Amino acid sequence: MADEETCSWCGRPVEPEDGFRLSEPAGARRAAFCRLEHVIPWTIQGARWQPGDLFEPSDIETSLDACAHCGEPLGEVHLLLVRHRGDHRIPDAFCSVDHLAEWAKAGGRFA
């Protein structure tokens, strides 16, 4: 992944220590967002992905086993959203793009 990413919705730069990174590991697809709110129109307009994987600590994905929206166990195909906040990485996982969008509409993790 390049050091300089752009938001998949608005095209603005996403700083390495800020924003959100989304991936679908099974499909080797990714997206980036400068703000959580940008996830919503991105999903409405038809979730346009970039090829590639996220480069996050290997224990992030293995630490998650349920959808952050519905609580159901994750299947082989799932989404990983990682909030970059300084040196911190805050992960959440979802069973579908629809559940990611609903979670984001509700304000995300800290709603």
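Thresholds applied
- Residues numbered from 1 in each chain as written.
- Predicted model: local features only at pLDDT ≥ 70, side-chain atom pairs only at ≥ 80, totals over all residues.
- Heavy atoms only, no water.
- Core = buried A, V, L, I, M, F, W, Y, C linked by side-chain atoms within 4.5 Å.
- Buried < 20%, exposed > 50% of the residue type's maximum accessible area, 1.4 Å probe, protein only.
- Contact = heavy atoms within 4.5 Å.
- pLDDT = per-residue confidence, 0-100.
- Helix = DSSP H or I, 4+ residues; strand = E, 2+ residues; numbered from the N terminus.
- Salt bridge = Lys/Arg side-chain N within 4 Å of Asp/Glu carboxyl O.
- 1 Å grid on protein atoms, 1.4 Å probe; cavity = no way out; pocket = protein on both sides within 12 Å on 5 of 7 lines; lining within 4 Å.
- Points joined across faces, edges and corners; volume = space filled by probe spheres on them.
- Nonpolar A, V, L, I, M, F, W, Y, C, P; charged D, E, K, R; others polar.
- Pairing = 2+ DSSP bridges.

## Description of the nonpolar core
In terms of nonpolar packing, the biggest core is built from 22 residues, with Leu22, Phe33, Leu81 and Leu100 touching the most fellow members. Each residue touching leucine 100, except ones within four places of it in the same chain, is listed here: Leu22, Val39, Leu79, Leu81 and Phe94.

## A look at the confidence of the model for the protein
Summary statistics for the protein give a mean pLDDT of 91 and a share of 96% for residues scoring 70 or more. Model confidence for the protein, summarised as mean pLDDT per element, is weakest for helix 2 (residues 59–62) at 78 and strongest for helix 3 (residues 97–105) at 97.

## Regarding the pattern of salt bridges
Summed over all chains, the structure comprises nine salt bridges. For arginine 21, the salt bridge is made with glutamate 5, and the minimal N-O distance between the two is 2.7 Å. Of this pair, arginine 21 sits in strand 3 (residues 20–24) while glutamate 5 sits in strand 1 (residues 5–6), and the two are 16 residues apart along the sequence. Neither residue differs from the other here; arginine 21 and glutamate 5 are each classed as buried. Beyond isolated ion pairs, a larger network of salt bridges with shared partners links Glu5, Arg21 and Arg30.

## Quick word on the layout of surface pockets
The volume enclosed by the largest pocket comes to roughly 230 Å³. Looking at which element gives the most residues to the lining of the largest pocket, the answer is strand 6 (residues 79–85), with three residues. Per-class residue counts for the lining of the largest pocket are seven nonpolar, two polar and five charged.

## Examining the sheet that holds strand 5 (residues 50–51)
Overall, antiparallel pairing links the five strands, which are arranged 5-4-3-6-7 in an open sheet. Both outer strands of the open sheet, strand 5 and strand 7 (88–94), are each paired with one neighbouring strand and no more.

## Comments concerning the pairing of strand 3
As a general feature of sheets, a regular strand has side chains that alternate between the two faces. Extensive coverage of strand 3 is indicated by the burial of five of its five residues. Examined bridge by bridge, strand 3 and strand 4 (residues 29–33) share five bridges and lie antiparallel to one another. Pairing of arginine 21 across the sheet is with alanine 32, part of strand 4. Counting the residues in the hairpin turn of strand 3 and strand 4 gives four residues, including alanine 28, whose phi is positive at 50 degrees. As judged from the four bridges shared by strand 3 and strand 6, these two strands associate in the antiparallel manner. When the sheet's bridge partners are listed, serine 23 is paired in strand 6 with leucine 80.

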